[in-house]
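Now for the letters of each chain:
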Amino acid sequence: MGIFWDLLQQDELEKQQKQANSMEERVEFLEKELKHTRALLKKTLVALETHLQKDIDGDGVTG
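Residues numbered from 1 in each chain as written. Predicted model: local features only at pLDDT ≥ 70, side-chain atom pairs only at ≥ 80, totals over all residues. Heavy atoms only, no water.

Q: Just to check I follow, could you spell out unusual backbone geometry for this structure?
A: Most peptide bonds adopt trans geometry, and most residues besides glycine take a negative phi value. In this structure, Gln-53 takes a positive phi of about 55 degrees despite not being glycine. One can find Gln-53 in the segment after α1 (2-52). (Helix = DSSP H or I, 4+ residues; strand = E, 2+ residues; numbered from the N terminus.)

Structure, rendered in C-alpha cells:
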C-alpha cells in the first residue's frame, strides 16, 4: 500500500508543479500586457492633449 500512496503523492506534486508553472507563465503574460496597455494609454493621452491643447492628466504639461 505504501508504494501506491507514494505514487499518488508524486502525481499530486506533479500536478501542483504544472499548475504553478502555468500560473507563473500567466502572471508573466499579464505583466507584459499591462506594460503594453500602459504604453498605449500614455501615447493616447499625449495625442489627446496635443490635439486639445489641454493638460488632461494634471502634470502641468500638454502633450
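Q: Mind showing me how you'd approach the environment of Gln-53 here?
A: A relative accessible area of 59% places Gln-53 in the exposed class. C-alpha of Gln-53 to C-alpha of Gly-63: the two residues are 10 residues apart in sequence and 7.6 Å apart in space. Within the structure, Gln-53 has its side chain in polar contact with the backbone oxygen of Thr-50 (distance 2.7 Å). (Buried < 20%, exposed > 50% of the residue type's maximum accessible area, 1.4 Å probe, protein only. Polar contact = N/O pair within 3.5 Å; in protein donor to acceptor, adjacent residues only side chain to side chain.)

Q: It is not clear to me how a nonpolar patch on the surface should be interpreted in this structure. Could you clarify?
A: Together, Ile-3, Phe-4 and Leu-7 make up a nonpolar patch on the protein surface, roughly 350 Å² of accessible area in all. Mapping Phe-4 onto the fold places it in helix α1. Judged by its relative accessible area of 55%, Phe-4 falls in the exposed class. (Patch = residues over 30% accessible without salt bridge, like charges linked within 9 Å, V, L, I, M, F, W, Y side chains within 5 Å. Areas by Shrake-Rupley, 256 points an atom, 1.4 Å probe, with all protein chains shown as cover. Salt bridge = Lys/Arg side-chain N within 4 Å of Asp/Glu carboxyl O.)

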